[in-house]
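Listed here are the chains, written in short residue letters.
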Amino acid sequence: MSRQTPLRSARLRRSVLSVPAINGRALQKVHDLDCDGVIFDLEDSVAPEKKAEARENLKAFFAGKPLGKETIIRVNALSTPFGRDDLDLVLRLNPDAVLLPKVDEPQDVLGVSDRLAEADAPEELRIWAMIETPRGVLNAAAIAEAGRTPGSRLDCFVVGLNDLRKETGVLQQPGRAYLVPWLMQVVLAVSAYGLDAVDSVFNDFKDQKAFADECLQGRAMGFDGKMLIHPAQIKAANRHFGPDEQAVMEAEAIIAAFEDPAAAGLNVVNIGGRMVERLHLVQAEALVHKARLIAKRSIASA
Ligand code: COA
Ligand code: MG
């Protein structure tokens, strides 16, 4: 059996903006926003008596011009009175992914995978999971491992700290000291099974400094990006989760060094007085790939 740790996705998920599906004005805005993905929320940001109206909004939105960004619909849990109708809507609208809230255990994902298979959903339709309950964090590894089950469709975890704080009593504090062990548990789980991980929302959208600090922290912890609640957060998330120029230059140097015929058969090379191992090559290629995706996007939107 291969001992290679699976690679995380090559997609850009630096900035994933949540938009309440009930908010028509916000929905109108998303075409012009520079986020990598949009989560259309049918869950916590939509009041129970507004769920049907929110679904109608999404029907109209998806009937319009394509978004050109990753599209994710956050449904209500299947255990709620809204879950079934939400999932039927997902099957009809065919976004890139469905985001399941409050995932506690592997079966929460695999039950939905089965339903999607029964409904002949296209293979490309992925499942994302909110890790936002104490059981979800405790079971993060087992849930991520469920992604290995054939047909599971599991692709990405999104941490939800508002729910997790509420359920555990951990206070909202700068630096998230008491939450870091749980956040790292999630990063470890996705890394073991080749999924992506998106860091939690930051509620105080007017505080750009504190938001930038939290992006830097999330990036340093190994998250791929951040779930956002407001357009004002997109720029900083793109900057802090995107590869910086220096890192791209270093990655290109690593690729060039191993392409050099003199490096054939070598597992370690010397680049400017620093040891670089062949295992860094895979990371370097992933980073350059993402940098190219970003460059392509900026040309397209120029
Ligand atoms: N997506 C797209 N556009 C958004 C947006 C979002 N998430 N949040 C705000 N906007 C738009 C507003 O519609 C507004 O546009 P307008 O000037 O044409 O009315 C503009 O950005 C400025 O918004 P602002 O006045 O600063 O905030 P607000 O009071 O309209 O909204 C929130 C503040 C927090 C209610 C809103 O940002 C929101 O609902 N965010 C998402 C919440 C969510 O998804 N929660 C569930 C996941 S935790
Ligand atoms: Mg939640």
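Residues numbered from 1 in each chain as written. Chains lettered and ligands numbered in written order. Predicted model: local features only at pLDDT ≥ 70, side-chain atom pairs only at ≥ 80, totals over all residues. Heavy atoms only, no water.

Peer 1: Describe helix α4 (residues 106–118), listing the residues and the values that go with them.
Peer 2: Between its first and last C-alpha, α4 extends 18 Å over 13 residues, near the 18 Å set by a 1.5 Å rise per residue. Buried within α4 we find Val-109, Leu-110, Val-112, Ser-113 and Leu-116. All buried residues of α4 project into a common sector of 160 degrees when viewed along the axis, lining one side. Tucked inside the fold, the buried residues of α4 contact α3 (83–93), β4 (97–100), β5 (126–131), α6 (140–146) and β6 (154–159). Remark: Asp-120 follows α4 within two positions and exhibits a positive phi of approximately 60 degrees. (Helix = DSSP H or I, 4+ residues; strand = E, 2+ residues; numbered from the N terminus. Expected span 1.5 Å × (residues − 1). Buried < 20%, exposed > 50% of the residue type's maximum accessible area, 1.4 Å probe, protein only. Arc of directions from axis to C-beta. Contact = heavy atoms within 4.5 Å.)

Peer 1: Summarise the coordination of the magnesium ion (ligand 2); cite the residues concerned and give the values.
Peer 2: Around a metal, the idealised angle for a tetrahedral arrangement of four donor atoms is 109.5 degrees; for an octahedral arrangement of six donor atoms it is 90 or 180 degrees. Coordination of the magnesium ion (ligand 2) by the protein comes from Glu-132 (OE) and Asp-163 (OD), over a distance range of 2.0 to 2.2 Å. Placement of Glu-132 in the loop between β5 and α5 (134–138) and of Asp-163 in helix α7 (residues 161–168) is noted, with a sequence separation of 31 residues between them. Of the two residues, Glu-132 and Asp-163, neither departs from the other in class, the shared state being buried. (Donors = N, O, S within 2.8 Å, 3.2 Å for Na, K, Ca; no water.)

Peer 1: Hey, could you go over the site of ligand 1 for me, with residue numbers and the actual values?
Peer 2: Surveying the vicinity of ligand 1 reveals 15 residues, the closest of which are Ser-18, Arg-25, Lys-29, Ile-229 and His-230. Ser-18 places a polar side-chain atom, nitrogen or oxygen, 2.5 Å from an oxygen atom of ligand 1. A distance of 2.7 Å is found between an oxygen atom of ligand 1 and a side-chain nitrogen or oxygen belonging to Arg-25. Out of a free accessible area of 880 Å², ligand 1 has 64% covered by protein chains. For the shell around ligand 1, the secondary structure elements donating two or more residues are β1 (15–20) and α1 (24–29). Here the shell around ligand 1 takes 4 residues from β1, the largest share from any one element. Partitioning the shell around ligand 1 into residue classes produces 8 nonpolar, 3 polar and 4 charged. (Near = heavy atom within 4 Å. Polar contact = N/O pair within 3.5 Å; in protein donor to acceptor, adjacent residues only side chain to side chain. Areas by Shrake-Rupley, 256 points an atom, 1.4 Å probe, with all protein chains shown as cover. Nonpolar A, V, L, I, M, F, W, Y, C, P; charged D, E, K, R; others polar.)

All we've got here are geometric facts, nothing functional implied.
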